[in-house]
Amino acid sequence: MNAPGHPASVVAVALVVLATVLVGGFGLRISRTTSDFYVASRTVRPRLNAAAISGEYLSAASFLGIAGLVLVHGPDMLWYPVGYTAGYLLLLIFVAAPLRRSGAYTLPDFAEGRLESRQVRRLVSVFVVGAGWLYLVPQLQGAGLTLRILTGAPGWLGDVLVASVVVLAVAAGGMRSITFVQVFQYWLKLTALLVPAIFLVLAWQGDGQPRVSFDEQASAFRADHPLYATYGLIVATFLGTMGLPHVVVRFYTSPNGRDARRTTVAVLALVGLFYLLPPVYGALGRLYAPELIHGGDADAAVLLLPARVIGGLGGDLLGALVAGGAFAAFLSTASGLTMAVAGVITQDVLPSRGVRHFRVATVLAIAVPLAGSLLVSRVPVADAVGMAFAVSASSFCPLLVLGIWWRRLTPPGAIAGLLLGGGSALLSVAITVSGAVRPPGWPHALLAWPAVWSVPVGFLAMILVSLATPGRIPPGTNAAMTRFHLPEALTSGRGR
């Protein structure tokens, strides 16, 4: 595999890093209160918020991973972008507006406000931090892969670079800084994929439009129970989005529930537009970079194709644009995740909740996944993110859906669902990543794609234990449900 190695790529990465720090510094100038740091004082309007959510949501898995999976495993992998996008439809229908009306800062805030239980809050905090760290590892590893391909530098350097920039951006101005950073990075990522894709398609047409062939080997790694794996992926991505801590926390920044819904509709459009592009790179990679199929670096297809297909100065410049977009993907998602995890650590772990402690929490939030990215062997980024979705779907989805729509949910029920659903998914992911159970066979399939069974386990545990403990229904349930489902003007006369 030949690295692009053109200085323009290095310059592009440097410019993205510099722009991220500068935009984050701008947020520092206008962040003055605790509310600014946590939820941008709940003043982010739908269009701006939608671009920010899209910017942090379109991660390394979206920018590099989907193309790599399509390259290696064929069109069946298109379920990834479909699931990533469709998750926002369920978020729109079931969660967006009620979650904003809850008035919370974080998922643990919501859990404690709805169930009036510190024990539930602490458990949710553990899962938020765990899911955030699990999601952060592939972002950092993707950065290491990108920098290694561009410069030949050691893989760990990209991990450390992204972690350092994220700490600067998040600690500088909190949610206000990250909002501006992520809006900028969404449009950069879209441009970085769209412009080279146009030239790649034109070059493919100039070559006589050779046919892209996906042979039987394309699905070799999922040939062992492929239907089950597909359903596992669908359940995880459809239901996992609504519980991703870095996505959920952005809805708290909306002025009111109506704006939260409008934000979600705009996100569907922005995310859907972006996901039209990675499959193009995966398909063209079959033609122009077939050695990546068995080389273990399929995630690099997006980075390599411009120089491989177009060549010359034009290929180098387009490759530089892609490289800048890739780093924007790592930085934006890592920033959002670090923001969400740091908020939970500040409120539930550290002794004080001030801005100074938030900055300490920022360092803690990134340090653990950085260590993990350096010590754990690399899993394809889209698969690694899919595992984080499975944990989210199995823990936070039952908690949010039942907490918002079912009056009879009790604290013991919530705890049982989190431990049995989310805990079993987290354990399955840990076993899969460790390599203790390898394919082929049902044990590996069940552990690698646990959402098919772990999500029902989470829901059933919450429902059955809640029904068995009717005396534990929180006394403020009716007031909370009223707040969730009535427009702000009817409950308080204004948005909270």
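For the structure, check the block above.
A brief report on the enclosed structure follows. What you see is a predicted model, and the numbers here were worked out from it, not measured in a lab.

The subject of this paragraph is the overall build of the protein chain. What the protein chain contains, in helices and strands, is 23 helices and zero strands. Classification of the 496 residues of the protein chain by burial places 60% in the buried group. Sequence separation of 24 or more characterises 86% of the internal contacts of the protein chain that already satisfy a separation of 6 or more. As displayed, the protein chain has an accessible area near 17800 Å², and 68% of this comes from carbon and sulfur atoms.

Once that is clear, we can look at the side chain of H444. Summarising the element assignment, H444 is placed in helix 20 (residues 442–448). Excluding its chain neighbours within four sequence positions, the residues that come into contact with H444 are V437, R438, P439 and W449.

Okay, the environment of W453 next. Mapped onto the elements of the fold, W453 is located in helix 21 (residues 451–468). Of the residues examined, W453 reaches a relative accessible area of 28% and is grouped as partly exposed. Along the chain, W453 and G421 lie 32 residues apart, while their C-alpha atoms are 8.5 Å from each other. For W453, the contacting residues outside a window of four places in its chain are Y228, S424, S428 and L446. A polar side-chain atom of W453 sits 3.0 Å from the main-chain carbonyl oxygen of L446.

A few words on helix 7 (residues 107–115). Of all nine residues in helix 7, seven are buried; the element is thus mostly enclosed. Buried within helix 7 we find L107, P108, D109, F110, A111, R114 and L115. The positive-phi residue at the C-terminal boundary of helix 7 is E116, with phi of around 55 degrees.

This paragraph deals with the packing of helix 19 (residues 411–434) against helix 21. Packing of helix 19 against helix 21 leaves a shortest axis separation of 6 Å and a crossing angle of 165 degrees. In terms of their interaxial angle, helix 19 and helix 21 are classed as roughly antiparallel. In terms of crossing hand, the pair formed by helix 19 and helix 21 is right-handed. Only W453, S454, V457, G458, A461, M462, V465 and S466 of helix 21 make contact with helix 19, whose side of the interface consists of P412, G413, A414, A416, G417, L418, L420, G421, S424, A425 and S428. When the residues that make up the contact of helix 19 with helix 21 are grouped by side-chain class, the tally is 11 nonpolar, eight polar and no charged.

Okay, the environment of S213 next. Residue placement: S213 occurs in the loop between helix 9 (155–206) and helix 10 (226–240). You can call S213 partly exposed: its relative accessible area is 41%.

This next bit is on unusual backbone geometry. Of note in this structure, E116 is not a glycine but carries a positive phi near 55 degrees. For E116, the location among the structural elements is in the loop between helix 7 and helix 8 (118–151). In this model, Q209 sits at a positive phi of 55 degrees, which is unusual for a non-glycine residue. Tracing the backbone shows Q209 in the loop between helix 9 and helix 10. By relative accessible area, which is 45% here, Q209 ends up partly exposed.

The subject of this paragraph is the packing of aromatic side chains. The geometry of two aromatic rings is summed up by the distance between their centres and the angle between their planes. Across all of its chains, the model carries 12 aromatic pairs by this definition. Between the aromatic rings of Y57 and Y84, the centroid separation amounts to 6.3 Å while the plane-to-plane angle is 85 degrees, which identifies the pairing as edge-to-face. Here Y57, found in helix 3 (residues 46–57), pairs with Y84, found in helix 5 (residues 79–94); they are 27 residues apart in sequence, far enough to count as distant. For the residue pair Y57 and Y84, the accessibility class agrees, reading buried in each case. Members of the aromatic cluster, connected to one another through ring pairs, are Y57, F63, Y80, Y84, Y88, Y135, F274, Y275 and F389.

Judged by side-chain polarity, W156, L157, L374, L375, V376 and V433 come together as a nonpolar surface patch covering roughly 550 Å² of accessible area. Mapped by element, the contributors of at least two residues to the nonpolar patch are helix 9 and helix 17 (355–375). Relative to the helices and strands, V433 is located in helix 19. With relative accessibility at 30%, the residue V433 sits in the partly exposed group.

Close approach of charged atoms lets side chains of opposite charge pair. Throughout the structure, instances matching the rule amount to five salt bridges. R118 serves as the salt-bridge partner of E112, at 3.4 Å between the closest nitrogen and oxygen. Judged by its relative accessible area of 22%, E112 falls in the partly exposed class. By relative accessible area, which is 40% here, R118 ends up partly exposed. Between R262 and D259 there is a salt bridge whose closest N-O contact spans 3.3 Å. Residue R262 and its partner D259 are located together in helix 12 (residues 257–274), separated by three residues, close to a single helical turn. Take D259: its relative accessible area is 3%, and that puts it in the buried class. Among the ionic contacts, a cluster of salt bridges with common partners joins D109, E112, R118 and R121.

Locating T237 in the fold gives a position in helix 10. When residues no more than four places from it in sequence are discounted, the contact partners of T237 are G83, Y84, G87 and F389.

Following both chains from N to C, one finds helix 4 (residues 60–73) and helix 13 (residues 278–288) inclined at 40 degrees, their axes separated by 7 Å at the closest point. For the element pair helix 4 / helix 13, the angle class is oblique. The two elements helix 4 and helix 13 cross, and the hand of that crossing is right-handed. Contacts between helix 4 and helix 13 involve S62, I66, A67, V70, L71 and V72 on the former and, on the latter, P278, P279, Y281, G282, A283, G285 and R286. Across the contact of helix 4 with helix 13, the residue classes tally to nine nonpolar, three polar and one charged.

Quick notes on the rules
- Residues numbered from 1 in each chain as written.
- Predicted model: local features only at pLDDT ≥ 70, side-chain atom pairs only at ≥ 80, totals over all residues.
- Heavy atoms only, no water.
- Helix = DSSP H or I, 4+ residues; strand = E, 2+ residues; numbered from the N terminus.
- Buried < 20%, exposed > 50% of the residue type's maximum accessible area, 1.4 Å probe, protein only.
- Contact = heavy atoms within 4.5 Å.
- Areas by Shrake-Rupley, 256 points an atom, 1.4 Å probe, with all protein chains shown as cover.
- Polar contact = N/O pair within 3.5 Å; in protein donor to acceptor, adjacent residues only side chain to side chain.
- Axes fitted to C-alpha atoms, helices over the stretch in contact; angles between N-to-C directions.
- Parallel < 35°, antiparallel > 145°, perpendicular 65-115°, else oblique.
- Left-handed = near helix turned anticlockwise from the far one by under 90°.
- Nonpolar A, V, L, I, M, F, W, Y, C, P; charged D, E, K, R; others polar.
- Phe/Tyr/Trp six-rings, centres within 6.5 Å; stacked < 30°, edge-to-face > 60°.
- Patch = residues over 30% accessible without salt bridge, like charges linked within 9 Å, V, L, I, M, F, W, Y side chains within 5 Å.
- Salt bridge = Lys/Arg side-chain N within 4 Å of Asp/Glu carboxyl O.

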